[in-house]
Amino acid sequence: MSASNGAPANIDLSVDIGGVTLTNPTIAASGCYNRGAEFGRVVDISAYGAITLKSVTREPRLGNAMPRIALTPAGMLNAIGLEGPGIDYFVAHEAPKLSSVPTVVIASAAGFTVGEFVDVASAIDGLPGVAAIELDVSCPNVDSEGECFAVDPRTTDAVVAAVKRRVKLPVIAKLTPNVADIRPIARAAEEAGADAISLVNSLRAMAIDVERARPTLANGTGGLTGPAIRPVAVYQVWESAQTVRIPIIGMGGIETGRDALELMMAGASAVAIGTANFRDPLVAAHVRDAIAEEARRRGFASVRALTGLANPGFAGKRWPADRRPQRLGVSR
Amino acid sequence: MASDAPLLETATLISREQVAPGFWCLGFRSPRIARAAGSASYVAVDVPGVFSVRLPLGIWTTRDDEFSLLFREWGDRTRRLARLSVGSGVSCIGPLGNHFSIPVKGSTALIAAGGIGIVPFWLLTRELRAAGVNVRAIVGARTKAHLNGVAQLREAGADVTVCTDDGSEGDKAMVLDLVKRVHAANVIYGCGPLGMLRALCAHASENRIQCEISMEETFGCSMGTCWGCVVPVRRGSQQGSGYPPSPRDSRTYDFARVCVDGTVFPASDVLWLEAYA
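Thresholds, definitions, all that
Residues numbered from 1 in each chain as written. Chains lettered and ligands numbered in written order. Predicted model: local features only at pLDDT ≥ 70, side-chain atom pairs only at ≥ 80, totals over all residues. Heavy atoms only, no water. Helix = DSSP H or I, 4+ residues; strand = E, 2+ residues; numbered from the N terminus. Rg over C-alpha atoms; globule rule 2.2 N^0.38 Å. Buried < 20%, exposed > 50% of the residue type's maximum accessible area, 1.4 Å probe, protein only. Contact = heavy atoms within 4.5 Å. Areas by Shrake-Rupley, 256 points an atom, 1.4 Å probe, with all protein chains shown as cover. Polar contact = N/O pair within 3.5 Å; in protein donor to acceptor, adjacent residues only side chain to side chain. Pairing = 2+ DSSP bridges. Buried area = accessible area lost by both parts, 1.4 Å probe. Salt bridge = Lys/Arg side-chain N within 4 Å of Asp/Glu carboxyl O. Axes fitted to C-alpha atoms, helices over the stretch in contact; angles between N-to-C directions. Parallel < 35°, antiparallel > 145°, perpendicular 65-115°, else oblique. Left-handed = near helix turned anticlockwise from the far one by under 90°. Nonpolar A, V, L, I, M, F, W, Y, C, P; charged D, E, K, R; others polar. Expected span 1.5 Å × (residues − 1). Domains from an automatic or database assignment. Disulfide = S-S within 2.5 Å. Core = buried A, V, L, I, M, F, W, Y, C linked by side-chain atoms within 4.5 Å.

Undergrad: Give me the lowdown on the overall build of chain B, citing residues and values where you can.
TA: Looking only at helices and strands, one finds six helices and 15 strands in chain B. At 18 Å, chain B has a C-alpha radius of gyration in line with the 19 Å of a compact globule built from 277 residues. With the C-alpha coordinates of chain B rotated into their principal frame, the extents come out at 50 × 50 × 35 Å. Looking at chain B as a whole, 58% of its 277 residues are labelled buried. When contacts within chain B are restricted to residue pairs at least 6 apart in sequence, those whose partners lie at least 24 apart make up 65%. For chain B, the computed accessible surface area is about 11,100 Å², with 48% contributed by carbon and sulfur atoms.

Now the structure itself:
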C-alpha cells in the first residue's frame, strides 16, 4: 500500500515504534476508530500504518450521560466516559475479529488503579493481531483523588513499570497535556521502561450552554480535540523530544500533511490522527502521501529523516543514516 | 444498521432555496447515495471551510440521481452549508442510519412530525404508499413559517393535517393533541422535539400502538466509532451495545448509538431519563 496510492516512489515510509514496524507513520488515535470496522465500511483503513483501538477497562463501563459531545471552534469536546464492555468481553468477542484488521493494531488499556492497568494489559498481551499496548495513563487515579496518573511522574512510573514487568508486547504511554511541564512525565515513562510515548491526549476543557445556563456536557468537563489544540501538541512533542530517546507518537489536531509534518519535525516518529477522521475518512492517505512528498522534496530516502528536523535539541537516539544531524547550538 | 455499506461521494449542489426565513432546501446530484437512500436515511456532510466534524442531515426527498436536504439554520455548519453556491462539490457519506419498518398492506400509518422533524417522512410516505399502507400525517410547528414540506408530503401520498402553536396555520394545537384524535392507526412514526417524542411514546404505550421514532443527538463521528451520540435504551434492546452490566454502576439500561444503531428506535425500547428534561 505504501507507494501504490499516489505516494512518491522510492521513499521509505516505514517507521519503527518500540520494535513494531509500521508501513507508514500514520496511526488512528484511540477512541476515534473503535475496533476498526466502522470506518472500514467506507474507506480502506490500510492507509494507516496502525490503528489504536478504543481503550478497554477491566470492568464493563456504561460511560457518561448525554450530551457527550459539544462542538467548539476548530474542534470538539467529548466526555464519553470510557464506555466499553470490559476486558473479558473484549477478549472473548472483539479480539478474535482483530486478525482481519488490514493494518497493525495497537490495543489501548485504561484503568483507575495500577492493578487495573496490569490486569487489562496482561489480558491483551499475546492476543493474536495485537502488536503493542498503549496505556491511557491520562485516566483519573481513584487512589489519588481522581487525579490523572500522568500528571505525576511517580504515578506514571508506577503504572508503566508495573505493566512492563508483566507484558511482552511493546508498551506506549499516552500522556496528558494537562500538566505544567511535560518533561518529567515523559522522562518517568521512559525510565519506567516505556517503549514509546504518545502525546497529547485531549485537553481538559468546558463549554457552557448559555440558554440552559449549565455546562453543555452532562459530565461538566470534557476533552478538547481537533485543530484547536494542535499548537499545544507541537510544543509538548517538542519538549518531550528534547527529553526522551524513545520514539514519540505525536498527535493533537492533525488535519493535513502539513500538520503532521509539524509534529514530526518537532520530534515525533509517527503521528496519530483522531478527530480529523470525523471530517475526512481519507485523511490517513492524504497525510501519509504528504509526509512522503516532503521527504522526497528534501532528498531524504526515508521519512524517518523528518523526525526532529526542526528541533535542534532533539534527543532521539537513532539518527537516520540518511541524514546528518545538524545541531544548531541550542542546548537542552 | 443499514444493510448496505454507506458511500463516500462528492455531491454537486444543484439547487438552493430558502423556503422560509432560516429554513433551506438544498438539492444535490449524488447518484449512488440518492439511489441507496431509504426512510430516515441521513448523510454526513463535510461543510467546506474551517474545521468541523461532519454535519449529519436527514435526506428529505430523492429523485433518480438527486436528493434534497431540508434543514433549519441553527449553527455555524448549517449557516455555511446554506450559503454554498450552486455547482459546489460537497463530500457526503451516506446513506447512513437504519430505516422505519413497514407494516402489512392495508394498515393505516400515522406520522407525527414536529417542525423540521418532517424530514424523514417524505421517503417513508413513499415507501408506505408503495406497500399499500394508508398514510395519515400530523405536522405541527411553532408557527406558519416553521411549517415546511407539507405540500411535498401530500404529493407523496400522505393525508396531512397541520397545526401550529399559535394558530397561524391549521389548528391551534400540539401535534400530540391531534394524534390522540386519530383512532384508526396501526402504527405511529414520530420525529421532532424530544418533549413531543416522549409524549408520543407514552401515548403509543398507553394505547398499545406500535410506534417508532427517529432520534437526534450531537454526533461526533457519524460512523459509530466515538460513542458520542448515545441514547439510553432498555436492556436487551436489539440496538443497545449488549455489553455486560457495569458492576459499579447502578444504572440498569444500555446505550445505543443514534448514528449507526438508529436513528430509528422502537418507542418501547427508548428510556426517558431526567437528563432529557
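Having put the structure on the table, let's press on.
Undergrad: Which residues make up the environment of Glu73 of chain B, and what values do they have?
TA: Residues and elements named next belong to chain B. Looking at the element boundaries, Glu73 is found in the loop between β5 (66-72) and α2 (76-82). Spatially, the C-alpha atom of Glu73 lies 5.3 Å from that of Gly22, the residues being 51 residues apart in sequence. Excluding anything up to four places from it in sequence, Glu73 contacts Gly22, Trp24, Thr78, Arg79, Ala82 and Arg83. A polar contact of 2.8 Å, which involves the side chain of Glu73, links it to the side chain of Trp24.

Undergrad: Could you give an account of the environment of Asp157 of chain A, with specific residues and numbers?
TA: All names here are of chain A. Relative to the helices and strands, Asp157 resides in helix α4 (residues 153-166). Overall, the relative accessible area of 33% leaves Asp157 in the partly exposed class. With 134 residues separating them in the primary sequence, Asp157 and Thr23 have C-alpha atoms 30 Å apart. Setting aside chain neighbours within four positions, we find Asp157 in contact with Ala162, Ala188 and Ala192.

Undergrad: Which residues make up the pairing of strand β14 (residues 254-257) of chain B, and what values go with them?
TA: Residues and elements named next belong to chain B. A two-sided burial pattern is seen for β14, the buried positions comprising Asp254 and Ala256 on one face and Phe255 and Arg257 on the other. Here strand β13 (residues 230-233) pairs with β14 via four bridges, running antiparallel. Directly across from Val230, in β14, lies its bridge partner Arg257.

Undergrad: Give me the interface of chain B and chain A: which residues, what numbers.
TA: In this assembly, 48 residues from chain B lie in contact with 43 residues from chain A. Taken together, both faces of the contact between chain B and chain A bury some 3,600 Å²; the carbon and sulfur share is 62%. The largest per-residue losses of area from chain B upon contact with chain A belong to Phe51, Thr225 and Tyr243 of chain B, which jointly make up 21% of the total buried on that side. Linking chain B with chain A are four salt bridges. Notably, a salt bridge pairs Glu38 of chain A with Arg257 of chain B, separated by 3.6 Å at the nearest N-O pair. Inspection of the chain B/chain A interface yields ten residue pairs in polar contact (both at pLDDT 80 or more). Looking at the side of chain B that touches chain A, the elements that each hand over two or more residues are α2, β13 and β14 of chain B.

Undergrad: Account for the pairing of strand β6 (residues 89-96) of chain B, naming residues and giving values.
TA: Residues and elements named next belong to chain B. Of all the eight residues making up β6, seven are buried; the element is thus mostly covered by neighbouring parts of the structure. In this sheet, β6 lies alongside strand β3 (residues 42-45) in antiparallel orientation, the contact comprising three bridges. Each bridged residue has a counterpart across the sheet, and for Val45 the counterpart in β6 is Cys92.

Undergrad: Could you give an account of the packing of α4 of chain A against helix α5 (residues 183-191) of chain A, with specific residues and numbers?
TA: All names here are of chain A. At their nearest, the axes of α4 and α5 sit 8 Å apart, and the two run at 25° to each other. When the axes of α4 and α5 are compared, the pair comes out roughly parallel. The element α4 and its partner α5 pack so that their crossing is right-handed. Facing α4, whose interface residues are Pro153, Thr156, Asp157 and Val160, α5 presents Pro184, Ile185, Ala188 and Ala189. In terms of residue class, the contact of α4 with α5 is made up of six nonpolar, one polar and one charged.

Undergrad: Quick one: what's the story with helix α6 (residues 230-241) of chain A, residue by residue and with numbers?
TA: Residues and elements named next belong to chain A. In this model α6 runs 16 Å from its N-terminal to its C-terminal C-alpha over twelve residues, within 8% of the 16 Å that 1.5 Å per residue would give. Within the sequence span of α6, burial applies to Arg230, Ala233, Val234, Gln236, Val237, Glu239, Ser240 and Ala241. Packed against the buried residues of α6 are α5, β12 (196-199), β17 (248-251) and α7 (257-266).

Undergrad: Which residues make up the domain arrangement of chain B, and what values go with them?
TA: By domain assignment, chain B separates into domain 1 (7-96), domain 2 (108-215) and domain 3 (217-261). Placing a centre on the C-alpha atoms of domain 2 of chain B and another on those of domain 3 of chain B gives a separation of 27 Å.

Undergrad: Report on the pattern of salt bridges, specifying residues and quantitative values.
TA: For the structure shown, the criterion picks out 31 salt bridges over all chains. Across the salt bridge formed by Glu116 of chain A and Arg248 of chain B, the nearest N and O atoms sit 3.1 Å from each other. Of this pair, Glu116 of chain A sits in helix α3 (residues 114-124) while Arg248 of chain B sits in the loop between β13 and β14, on two different chains. Between Arg80 of chain B and Asp76 of chain B there is a salt bridge, with its nearest N and O atoms 2.6 Å apart. On the criterion of helical spacing, the pair formed by Arg80 of chain B and Asp76 of chain B is a turn pair, its members being four residues apart in helix α2. The structure contains a network of salt bridges with shared partners spanning Arg58, Glu59, Glu116 and Asp119 of chain A together with Arg248 of chain B.

Undergrad: Kindly report on the state of the cysteines, identifying the contributing residues and their values.
TA: All names here are of chain B. For the coordinates displayed, the defined rule picks out zero disulfides over all chains. For Cys226, which is in no disulfide, the shortest distance to another cysteine sulfur is to Cys221 and amounts to 3.7 Å. The exposure class of Cys226 is buried, given its relative accessible area of 5%.

Undergrad: Could you give an account of the side chain of Ser46 of chain A, with specific residues and numbers?
TA: Relative to the helices and strands, Ser46 of chain A is located in the loop between α1 (37-40) and β4 (50-52). A distance of 2.7 Å separates a polar atom in the side chain of Ser46 of chain A from a polar atom in the side chain of Asp44 of chain A.

Undergrad: Tell me what's going on with the nonpolar core, and back it up with residues and numbers.
TA: Grouped together as the largest cluster of nonpolar side chains are 165 residues, with contacts concentrated most on Ile124, Leu135, Leu175 and Ile197 of chain A. Once residues lying within four places of it in the same chain are set aside, the contact partners of Leu135 of chain A are Ala109, Phe117, Ala121, Val159, Val160, Val163, Val171, Ile172, Ala173 and Lys174 of chain A. Listed in part, the 53 residues of the second largest apolar core include Leu57, Phe67, Phe121 and Val187 of chain B.

Undergrad: Can you explain the packing of α6 of chain A against α7 of chain A? Please cite residues and give values.
TA: Angle between the axes and distance between the axes are the two parameters that describe a pair of packed helices. Residue and element names in this part refer to chain A. Direction vectors running N to C along α6 and α7 enclose 20°, while the axes themselves pass 8 Å from each other. The orientation of α6 relative to α7 falls into the category roughly parallel. Regarding α6 and α7, the two cross each other, and that crossing is right-handed. Touching Arg230, Ala233, Val234, Val237, Trp238 and Ala241 of α6 are Asp259, Glu262, Leu263 and Ala266, all from α7.

Undergrad: So what's going on with the environment of Asp280 of chain A? Residues and values would help.
TA: With respect to the secondary-structure elements, Asp280 of chain A resides in the loop between β18 (270-273) and α8 (283-297). Once you skip the residues sitting within four places of it in the chain, Asp280 of chain A turns out to touch His286 of chain A together with Arg54 of chain B. Polar contacts involving the side chain of Asp280 of chain A include one to the main-chain amide nitrogen of Leu282 of chain A, which spans 2.9 Å. Reaching out from Asp280 of chain A, the side chain makes a polar contact with the side chain of His286 of chain A at a distance of 2.9 Å.

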